[in-house]
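Observations on the model geometry
The primary structure of each chain is shown beneath.
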Amino acid sequence: MTSNTPVSDQLFDRARSLMPGGVNSPVRAFGSVGGTPKFMVSAQGPYLTDADGREYVDLVCSWGPALLGHAHPAVLDAVHAAVDRGLSFGASTPDEANLAAIVKERVSAVERIRMVSTGTEATMTAVRLARGFTGRNLIVKFAGCYHGHLDGLLAAAGSGLATMALPGSAGVTEAAAAETLVLPYNDLGAVEAAFAAHGNNIAAVITEAAPANMGVVTPNEGFNAGLSRITREHGALLILDEVLTGFRTGYAGYWGLTGRQEGWTPDLLTFGKVIGGGMPTAALGGRADVMDYLAPLGPVYQAGTLSGNPVAMAAGVATLTLATPEVYSFVDARSLELSAALSSALDTAGVDHSIQRAGNLFSVAFGTSASGVHNYADAQAQEVFRYAPFFHSMLDSGVYLPPSVFEAWFLSAAHDDAAMNRIFDALPAAAKAAAEATAL
């Protein structure tokens, strides 16, 4: 594979001599697709520009935060004004409450909120809080769902429906992993069995509102509602991880699209990505009686020097203020338009596939048209080998896709007709590359 971005090649060589794998987050290393990662130096609207001066239509959108498009003028103005006042004070600021009020107005399940710095920190705190509130130890998670890199949730599935998990990463102890039960996604029977066996010691079930880390997987009808019912019946909590879907899939996140209408409410929710408008911030929120177990009111300790950072709060307030229902309608329409064009190109090239969708998030899974993808086993069974040539064909045509088939595609309010047409023009050749791919 010949590179046409020599400056990125040089930057990657230098980075590998300084950082593990040359990156600060593994997916950036292009390990799933091969080749040299492109080093980006600027972004505007729906476009990224790399160190070699090549421009790409961006379908990663910083993994979600760029809902309005990159470098939105009003968000930049808010950030510049905040920077002029100082980068960090180590004290409370007005915009912390301003952002909290916006979240509470949009997501009625949030009665109290705590700002943190990363999605991992949000889920880590939610798990600790659930254990402190219930006095129980075990956490239920689902294979293929990702909740950040805290030890207990980097657990691989064991055998059976409710087997104590084994570590999924070096450095995670068996003791930490053993406090997590890993179940197959979309299987309420497995959840019922886990609670029948361990219910008195299960503190919480944590699930992505709609999984987007094994590709996008749509929850079966009634699945999330069933989790709410089961946890309530057994005195456990339901933690809905909306780090990816929150304020991305809709005005009130994925719960706002589904759960509110279905009449169930999670006990805790975690947010990230869009809530910071591109700045590193995240949050957890939920029931007041549970949230008030956090220090300084309660016995569950959590703290962070940069929590509620004023620059990040300003970006979040500006982004969510501008993320109107009209913005979501536009992104929804663009998502449907692109996923239809993608499917049509693959059909024309004779590539078996399914499009997996959750609101305006979607992904493609190769070789899965017969039944789609409903859980991690389905995702792993797809024809993964077709994605790398598809990805690189799109990249060569100036379209930047997620560098893994197991990630969602993101659009923004800045993806105008010109940007969309560039994507459409690139699809036929990429579909042909996928069709010609062979398994090693």
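This text goes with the structure placed above it.
Predicted, not measured: the structure shown is a model, and the values here were computed from it.

Contact pair helix 12 (residues 325-349) / helix 15 (residues 417-436): the axes reach a minimum separation of 8 Å and the direction vectors enclose 30 degrees. Considering their axes alone, helix 12 and helix 15 lie roughly parallel with respect to each other. Between helix 12 and helix 15 the crossing geometry is right-handed. Residues Arg 334, Glu 337, Leu 338, Ala 341, Leu 342, Ala 345, Leu 346 and Ala 349 of helix 12 lie in contact with helix 15, whose contacting residues are Asp 417, Met 420, Ile 423, Phe 424, Leu 427, Pro 428, Ala 431, Lys 432 and Ala 435. Class assignment of the residues belonging to the contact of helix 12 with helix 15 gives a composition of 13 nonpolar, no polar and four charged.

Taken as a whole and assessed by the stated rule, the structure comprises 13 aromatic pairs. When the centroid spacing of 5.7 Å and the interplanar angle of 85 degrees are considered together, the rings of Phe 142 and Tyr 185 count as edge-to-face. Note that Phe 142 is positioned in strand 5 (residues 138-142) and Tyr 185 in the loop between strand 8 (180-183) and helix 6 (188-198), a separation of 43 residues in sequence. Judged by its relative accessible area of 0%, Phe 142 falls in the buried class. Relative to Phe 223, the ring of Tyr 185 lies with its centre 4.8 Å away and its plane at 65 degrees, an arrangement referred to as edge-to-face. Pair noted here: Tyr 185 is in the loop between strand 8 and helix 6 and Phe 223 is in helix 7 (residues 223-234), with a separation of 38 residues, a long-range link. For the pair shown, Tyr 185 and Phe 223 are each scored as buried.

Moving on, we come to the pattern of salt bridges. Counted by the stated rule, this structure contains twelve salt bridges. Between Glu 179 and Arg 131 there is a salt bridge, and its shortest N-O distance comes to 3.7 Å. With Glu 179 in the loop between helix 5 (174-177) and strand 8 and Arg 131 in helix 4 (residues 119-134), this pair connects stretches of sequence that are 48 residues apart. On the basis of relative accessibility, which here comes to 24%, the residue Arg 131 falls in the partly exposed class. Glu 436 is the salt-bridge partner of Lys 432, the closest N and O atoms lying 2.5 Å from each other.

Right, let's get into the nonpolar core. Counting residues in each nonpolar core, the largest one holds 107 residues, and the members touching the most others are Phe 390 and Trp 409. Leaving out residues up to four positions away in the same chain, Trp 409 has contacts with Leu 59, Leu 338, Leu 342, Asn 360, Leu 361, Phe 362, Ser 363, Val 364, Tyr 387, Phe 390, Leu 401 and Pro 402. Core analysis: the next-biggest nonpolar cluster, separate from the first, contains 21 residues, Ala 122, Ala 126, Val 127 and Ala 203 among them.

Conventions adopted
- Residues numbered from 1 in each chain as written.
- Predicted model: local features only at pLDDT ≥ 70, side-chain atom pairs only at ≥ 80, totals over all residues.
- Heavy atoms only, no water.
- Axes fitted to C-alpha atoms, helices over the stretch in contact; angles between N-to-C directions.
- Helix = DSSP H or I, 4+ residues; strand = E, 2+ residues; numbered from the N terminus.
- Parallel < 35°, antiparallel > 145°, perpendicular 65-115°, else oblique.
- Left-handed = near helix turned anticlockwise from the far one by under 90°.
- Contact = heavy atoms within 4.5 Å.
- Nonpolar A, V, L, I, M, F, W, Y, C, P; charged D, E, K, R; others polar.
- Phe/Tyr/Trp six-rings, centres within 6.5 Å; stacked < 30°, edge-to-face > 60°.
- Buried < 20%, exposed > 50% of the residue type's maximum accessible area, 1.4 Å probe, protein only.
- Salt bridge = Lys/Arg side-chain N within 4 Å of Asp/Glu carboxyl O.
- Core = buried A, V, L, I, M, F, W, Y, C linked by side-chain atoms within 4.5 Å.

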